[in-house]
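Coordinates in review
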Amino acid sequence: MDPRISIGIDNCFAIKRWVTPAEWCRVIREMGLKYVECVANLEIEPLLTPKECHDEWVDQVREQGAKHGVEVVMMYSNNSTYDTVGFAHPDERVRRRYVEQWFGEFLRIAGALGAAVGYYVQGLPEEILYDKSRYGQAVRHYTECMERVSALAGLHGVDTVALEQMYTPHQPPFTIAGMKELLGSMNRKNQVPLYLTEDVGHHCPYYLRPTEERLQKAFPRYCRDGYLSVWLGSKRAQELYERERAAGCGFLRQEAVREILEDVEENGHLFSDLRDTDCYEWIRKLGAYSPVIHLQQTNGCHSSHEAFSPETNKEGIVHPVKLLRALKECYDRPEDPTLPPRCEHIYLIQELYLSTKEIGYQGLHRLSWSTDYLRRFIPRDGMRLSELIAYNKTSIIEGDDDDVA
């Protein structure tokens, strides 16, 4: 398969500024973009806005989209789902309300627009994170909710549902293996399979398995002021570390190191591997199953949603050519029958925020810069991946001395 590739933008930048379809459609088209990922924050929150207004909003989006040449390719959930434990909530009443009422209406709106749906809506509070039994129960809860969302999607004519990957243990799945397992499970059970949304900024090195070297290096600081600079995973591992501090030896004994590392292995679900911290590795393994890929410039440690500008590109790790080549590696592999069908069209969606203090027209100028930068490597929407690889054969990647050819 040789997918088509297009550039778009998430209209999250427009929150509390260009809030009507007429305004955000106009502004997006003036940036030279056609494809939009629309967030529910833009005055279409399923439960906060009156239901009788939703169909009017859909009509406005259709009208203004036709006028400006703008198309909503995906509807994405918003703060009301990202900022809650949601589908992992221990109270079944809360989970049911999110599924049946919030997502029921959200899917109906998306279906009316002919758009795909993307979301994230589960988190594990500390009391569950450190309890292996309750952790497993929470996973079952959110998986059951996802299955129901996929069933509702089919009823509303939505044929693509995608879950955004996250990057910490309390927001699973946060590893390549965990995401692949979830997609495979959902693909077996549902008429509308689950895809992922890869966000190139959703990777960090903070939850790697600790090594003996890192445990020893962090110990003096912990003894000095109690700050624990290494992720240990379970409460028991933390208690073992504290026990050594209380012993007052000034160093971490080998027996304690052994016990901690054994505990780490017993609680492997709380740790990521080095490959999980690399956006290109995610794309190599699962990029063909990500109908939209969220773009932002990042240093690899923080999801700051920066635009692609001369300043951010100097320190940033994200480059369009590297992304396209990683994507090609994924499509060059044999198709995995356990996963959903591979995507025939992938939208590279810039997910960029304007700060509250930022002057609106200056922010739009910055976002236009970002789009202009991406257009250097993806000059036209709908080009085949193979065409783009050939087009960028001699592109220079900023920060590298060598040609990427």
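Residues numbered from 1 in each chain as written. Predicted model: local features only at pLDDT ≥ 70, side-chain atom pairs only at ≥ 80, totals over all residues. Heavy atoms only, no water.

Of all hydrophobic cores here, the largest spans 130 residues; its most connected members are Phe13, Trp24, Trp57, Met75, Phe87, Tyr119 and Tyr241. It is helix α4 (residues 92-113) that contributes the most residues to this core, nine residues altogether. (Core = buried A, V, L, I, M, F, W, Y, C linked by side-chain atoms within 4.5 Å. Buried < 20%, exposed > 50% of the residue type's maximum accessible area, 1.4 Å probe, protein only. Helix = DSSP H or I, 4+ residues; strand = E, 2+ residues; numbered from the N terminus.)

So, on to the side chain of Asp199. Tracing the backbone shows Asp199 in strand β6 (residues 194-199). We note that Asp199 is buried and unpaired, the nearest opposite charge coming from Arg366 at a distance of 14 Å. A distance of 2.8 Å separates a polar side-chain atom of Asp199 from the backbone nitrogen of Gly201. Other than its neighbours up to four places away in sequence, Asp199 contacts Glu164, Gln165, His294, Gln296, His305 and Glu351. (Lys, Arg positive; Asp, Glu negative; His and termini not counted. Salt bridge = Lys/Arg side-chain N within 4 Å of Asp/Glu carboxyl O. Polar contact = N/O pair within 3.5 Å; in protein donor to acceptor, adjacent residues only side chain to side chain. Contact = heavy atoms within 4.5 Å.)

Where burial is concerned, most of strand β1 (residues 4-10) is hidden: six out of the seven residues are buried. As paired elements, β1 and strand β8 (residues 345-350) share six bridges and run parallel to each other. Residue pairing across strands places Ile7 opposite Leu348, the latter belonging to β8. As defined by bridge partners, β1 adjoins strand β9 (residues 383-384) across two bridges and the pair is classed as antiparallel. (Pairing = 2+ DSSP bridges.)

Applying the stated rule across the entire model yields 30 salt bridges. Across the pair Glu30 and Arg26 runs a salt bridge, and its minimum N-O distance is 3.2 Å. Placement of both Glu30 and Arg26 in helix α1 (residues 21-30) is noted, with a separation of four residues, approximately one turn of the helix. The class for Glu30 is exposed, based on a relative accessible area of 56%. Assessed through its relative accessible area of 27%, Arg26 is described here as partly exposed. Among the ionic pairs, Asp336 bridges to Lys180, the shortest N-O distance being 3.4 Å.

Mapped onto the secondary structure, Arg253 falls in the loop between α9 (235-247) and α10 (254-266). Arg253 has contacts with Arg243 and Glu244, leaving out every residue within four places of it along the chain.

Glancing now at the packing of α1 against helix α2 (residues 51-68). Where α1 meets α2, the closest approach of the two axes is 9 Å, and the angle between their N-to-C directions is 30°. By the angle between their directions, the pair α1 and α2 is classed as roughly parallel. As α1 runs across α2, the sense of the crossing is right-handed. Here Pro21, Ala22, Trp24, Cys25, Arg26 and Arg29 of α1 come into contact with α2, specifically with Trp57, Gln60, Val61, Gln64, Gly65 and His68. Of the residues that constitute the contact of α1 with α2, the class distribution is six nonpolar, four polar and two charged. (Axes fitted to C-alpha atoms, helices over the stretch in contact; angles between N-to-C directions. Parallel < 35°, antiparallel > 145°, perpendicular 65-115°, else oblique. Left-handed = near helix turned anticlockwise from the far one by under 90°. Nonpolar A, V, L, I, M, F, W, Y, C, P; charged D, E, K, R; others polar.)

Now for the packing of aromatic side chains. Counted according to the given criterion, the structure contains 16 aromatic pairs. Between Phe103 and Tyr119, the aromatic rings sit 5.0 Å apart at their centres with planes inclined by 70°, giving edge-to-face as the arrangement. Taken together, the residues Phe103 in helix α4 and Tyr119 in strand β4 (residues 116-119) connect sequence positions 16 residues apart. Looking at Phe103, the relative accessible area reads 0%, which means it is buried. Given the relative accessible area of 0%, Tyr119 is considered buried. Here the aromatic residues Phe87, Trp102, Phe103, Phe106 and Tyr119 are joined through ring pairs into a cluster of three or more. (Phe/Tyr/Trp six-rings, centres within 6.5 Å; stacked < 30°, edge-to-face > 60°.)

Within the protein, residue pLDDT values average 94, and 98% of them lie at 70 or more. Across residues 399-405 the pLDDT falls below 50, and counting only partners more than four positions away or on other chains, this stretch makes 14 contacts in the model. (pLDDT = per-residue confidence, 0-100.)

Moving on: helix α8 (residues 212-225). Taking 1.5 Å as the rise per residue, α8 with 14 residues should run 20 Å; its terminal C-alpha atoms sit 21 Å apart, in good agreement. Phe219 marks the point of greatest bend in α8, at about 30°, and the proline Pro220 comes within the next four residues. By the burial criterion, the buried members of α8 are Leu215, Ala218, Phe219 and Tyr222. The inward-facing, buried residues of α8 abut α9 and α10. Following α8 by one or two positions, Gly226 adopts a phi angle in the positive range, close to 85°. (Expected span 1.5 Å × (residues − 1). Bend = angle between axes of the 7 residues up to and from the residue.)

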